[in-house]
Amino acid sequence: MRKSQRWSRTMLAEYEIFVRALEEGSLSAAARRLDLSPAVASRRLARLEDRLGVRLIERTSRRLAPTEAGRLVYERALQLLDGVEDLEAQVSRRTTQARGLLRVTAPTSFGRRRLAPYLQPFLELHPRLTLELNLTDAFVDLMAEDVDLAIRIGTWDAENPAMHRLAPNRRILCASPDYLARFGSPDTLDDLRDHAQLAAENQSLWRLLGPDGPVTFRAKSRVRTNSSEVARELTLSGAGIALRSTWDVGEELKDGRLERVLPDYQGSPDIAIFALTAGRARSEARVRAFIDFTAALYGDVPQWDR
């Protein structure tokens, strides 16, 4: 029995480095993710190819690619490894201690306002884990940038296993009392076209849900900026009307620094706050722990909407 266990564990380790090397794009990146030295990772891959008698990976100019045999082995090995992880998660009831390096990226403003101030309990709960948090509004390719998880705000797809819903993202049209006192409040979407509109680049297509159903409004922002935070501050200063998420302006709406405009309209409800994972990272204890923590932190009715 002991000999069989050693043989099985060795095989699993070899298949794991092969699968991870393809997903990470390089053997060195796979070794880092599995806390192995490059030499150990290389030996495991070589043993697997020797035992199977075929070459599984070939190098291109940019990253590793599977051979024809490698594609078949990858698909079956992925099923095998996922099955083992699912079994362990069920048996242990997900009590595996999260540890190692967890790489997370999030939008700048959301990460600063709604994530960073609340991470201390998560770090205290997982003392063997190191968190690397990168805040950026640029698109991040998780595989290319070696990132475990990205918090995204966008169209939610319940059928995508890489997406993990964290919270709803309610968006409303709003302006400052000063702006409304000077220019009045629009009564219709057509009236809105005569007002100053504020939106960051790539956020000027306002998908709304109104009394007559979905409608799209293309905002012509008075100020061109690549920063959503700049658009937010301009709205607070009285420069125009904006479509903002309540996680971003919830306190300002409550204390009267902003007022809702065209209350019969709100942002499309299919936009949500979710975690996006790459490859098999979603099965790792540290990734699962972070998803569970943030989902519980926000909930179906986040604090900013209460």
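Everything below is about the structure printed above this text.
Residues numbered from 1 in each chain as written. Predicted model: local features only at pLDDT ≥ 70, side-chain atom pairs only at ≥ 80, totals over all residues. Heavy atoms only, no water.

Structural notes on helix α10 (residues 228–237)
And step 1. Among the residues making up α10, those that are buried are Ser 228, Ala 231, Arg 232 and Thr 235. Each buried residue of α10 sits inside an arc of 100 degrees when the element is viewed along its axis, so together they form one side.
And step 2. Packed against the buried residues of α10 are α5 (108–115), β7 (171–175), β8 (197–198), β11 (241–245) and α11 (246–255).
And step 3. At the N-terminal boundary of α10, the capping side chain belongs to Ser 227, with an oxygen 3.2 Å from the backbone nitrogen of Glu 229. (Buried < 20%, exposed > 50% of the residue type's maximum accessible area, 1.4 Å probe, protein only. Helix = DSSP H or I, 4+ residues; strand = E, 2+ residues; numbered from the N terminus. Arc of directions from axis to C-beta. Contact = heavy atoms within 4.5 Å. Polar contact = N/O pair within 3.5 Å; in protein donor to acceptor, adjacent residues only side chain to side chain.)

Focus on the environment of Leu 149
And step 1. On the secondary structure map, Leu 149 appears in strand β5 (residues 149–155).
And step 2. As a C-alpha pair, Leu 149 and Ala 278 span 129 residues in sequence and 6.9 Å in three-dimensional space.
And step 3. Once residues lying within four places of it in the same chain are set aside, the contact partners of Leu 149 are Arg 103, Val 104, Thr 105, Leu 142, Ala 275, Leu 276, Thr 277, Val 287, Phe 290 and Ile 291.

A word on the pattern of salt bridges
And step 1. Inspection of the entire model under this criterion finds 18 salt bridges.
And step 2. Notably, a salt bridge pairs Arg 232 with Glu 233, separated by 2.7 Å at the nearest N-O pair.
And step 3. Under the relative-accessibility criterion, Arg 232 is labelled buried at 7%.
And step 4. Judged by its relative accessible area of 44%, Glu 233 is partly exposed.
And step 5. Between Asp 248 and Arg 244 there is a salt bridge, with the nearest N and O atoms lying 2.4 Å from each other. (Salt bridge = Lys/Arg side-chain N within 4 Å of Asp/Glu carboxyl O.)

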